[in-house]
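Chains, contacts and geometry: an overview
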Amino acid sequence: MFLRFLLGLSLQTNQTLLRGLISVTEGTTSQETVQYIRKRISENLSVEKSINLIHCLNELNSHSLVTEIQQSLSSGSLSTEKLSPAQLNFCNLTQKSCEGLASVLSSSSSLIELDLSNNDLQDSGVTLLSAGLKSPHCELEILRLSGCMIAEKGCMSLASALRFNTSFVRELDISYNNPGEKSVKLLNERLEDPRCSLDTLRYEEITRKDSCQLTIDTNTVSRNLRLSEGNRKVEHVDQDQLYPDHPDRFDLCQLLCRNCLTGRSYWEVEWHGNVRISISYKGIRKKGSSEDCVFGFNNQSWSLGCSDHDGYSAWHNKRITPISSSSMANRVAVYVDQPAGILSFYRVCSDSLSHLYTFNTTFTEPLYPGFGIWTNSSVFL
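Residues numbered from 1 in each chain as written. Predicted model: local features only at pLDDT ≥ 70, side-chain atom pairs only at ≥ 80, totals over all residues. Heavy atoms only, no water.

Description of the overall build of the protein chain
Looking only at helices and strands, the protein chain has nine helices and 17 strands in total. Within the protein chain, buried positions represent 50% of all 381 residues. At a minimum sequence separation of 6, the contacts of the protein chain that also span at least 24 residues come to 69%. With an accessible surface of roughly 18,200 Å², the protein chain has 47% of that area assigned to carbon and sulfur atoms. (Helix = DSSP H or I, 4+ residues; strand = E, 2+ residues; numbered from the N terminus. Buried < 20%, exposed > 50% of the residue type's maximum accessible area, 1.4 Å probe, protein only. Contact = heavy atoms within 4.5 Å. Areas by Shrake-Rupley, 256 points an atom, 1.4 Å probe, with all protein chains shown as cover.)

A look at the pairing of strand β8 (residues 264-272)
Here β8 runs beside strand β13 (residues 331-337); their pairing, made up of seven bridges, is antiparallel. Along β13, the bridge assignment pairs Glu270 with Arg331. (Pairing = 2+ DSSP bridges.)

Side note on the nonpolar core
Of all hydrophobic cores here, the largest spans 38 residues; its most connected members are Ile277, Tyr312, Val332, Leu343, Phe345 and Phe371. Core analysis: the second largest hydrophobic core is formed by 27 residues, Leu111, Cys138, Leu140 and Leu198 among them. (Core = buried A, V, L, I, M, F, W, Y, C linked by side-chain atoms within 4.5 Å.)

With respect to the environment of Glu171
Note on placement: Glu171 falls in strand β3 (residues 171-173). Take Glu171: its relative accessible area is 10%, and that puts it in the buried class. Aside from chain neighbours lying at most four places away, what touches Glu171 is Glu141, Ile142, Leu143, Arg144, Leu198, Thr200 and Arg202. Side chain to side chain, Glu171 and Arg202 meet in a polar contact 2.6 Å long. (Polar contact = N/O pair within 3.5 Å; in protein donor to acceptor, adjacent residues only side chain to side chain.)

Considerations on the packing of aromatic side chains
As enumerated under the stated definition, the model contains seven aromatic pairs in all. Arranged with centres 6.5 Å apart and planes meeting at 70 degrees, the rings of Trp271 and Tyr312 form a pair that is edge-to-face. Linking Trp271 in strand β8 with Tyr312 in strand β11 (residues 311-316), this pair joins segments that are 41 residues apart in sequence. No difference in accessibility class separates Trp271 from Tyr312, as the two residues are buried. An angle of 75 degrees between the planes, with centres 4.9 Å apart, marks the rings of Tyr357 and Phe359 as edge-to-face. Given the relative accessible area of 22%, Tyr357 is considered partly exposed. (Phe/Tyr/Trp six-rings, centres within 6.5 Å; stacked < 30°, edge-to-face > 60°.)

Side note on the pattern of salt bridges
Close approach of charged atoms allows side chains with opposite charge to pair. One pass over the full model with this rule turns up twelve salt bridges. A salt bridge links Glu113 to Arg144, with the shortest nitrogen-to-oxygen separation between them at 2.5 Å. One end of the pair, Glu113, is in strand β1 (residues 113-115); the other, Arg144, is in strand β2 (residues 142-144), with 31 residues separating them in the sequence. You can call Glu113 partly exposed: its relative accessible area is 30%. Residue Glu171 is joined to Arg144 by a salt bridge in which the shortest nitrogen-to-oxygen separation is 3.5 Å. One end of the pair, Glu171, is in strand β3; the other, Arg144, is in strand β2, with 27 residues separating them in the sequence. Relative accessible area serves as the criterion here: at 22%, Arg144 is assigned to the partly exposed category. Linked by salt bridges that have partners in common, Glu113, Arg144, Glu171 and Arg202 make up one network. (Salt bridge = Lys/Arg side-chain N within 4 Å of Asp/Glu carboxyl O.)

Any functional reading would require information beyond the geometric quantities listed.
Right, here's the structure in full:
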């Protein structure tokens, strides 16, 4: 099923290869599939095809993944000079992937540039990666970790790894993470330390840059929602409000904002009860009460469900992903990078952010903030 899904999304140049894989998996065990993939990797394939096959090994939980990467690097078939940005970042890598990458960095390899931007590595993944950076065999010079959901702990691990005299890293990008003042201070100290190779540090705070004030589009507000406090507070009510008819007005208890998001944006919302904090294309269906109209139940919207009783959950195209969190907070921060296809949600406690969930996708249209507000619930912009 994974290979069929990948076939549908793959480039035309890869489809012949993937059809061959499907014919094998339809009559096989998993181990036979792994052996077939390893055989194809050993052939003189393009870099793009080799990387796709390595991802297949990862999906099959093959422990030979690290070996395949190391052999590909040492043979020159995965020379970093031939890699494009699309073959390094935005690949849905996680902590599990970092274990293999750390092993590669610890071995004798010629890898000098690694771009892992826009992957959900988090602190645990970066801590594993940092262990590889400490190896005297690591020759990495450029490391890009922009938008990888890294907080203070992960950045502290990076700072610790870079203090070793053996580190070759001279350029580090941790933009659009949440490093915290303490770890940024330590990284800046590495810049000034003549014993360290680091000479370029890039970081931009998510929390303040690109912040925007949302404005509700009153023509979209459902009659079950009441506006107050200068149209900054919205609450669910039983009695219909006397809003005029409009083709953009939701029949369900939802609304859109006027803000058209085409770049990077950030905002915070207070919520109570049971709500959906969303972004959506403007053309989402608004009339009727079918699932196609609900934020997160179609391919035109993405939502964070917030509930006093059920906690947090992520929604897109009828698919729900429960989110585990150590605690709840009635304030949520939203960061969206429309060109990069990143939508991140954070729990806000005091002045700190705690990552909840990130959608990595491709946005094909301008985005609009939206809210679904159910019984006994409200949001405040």
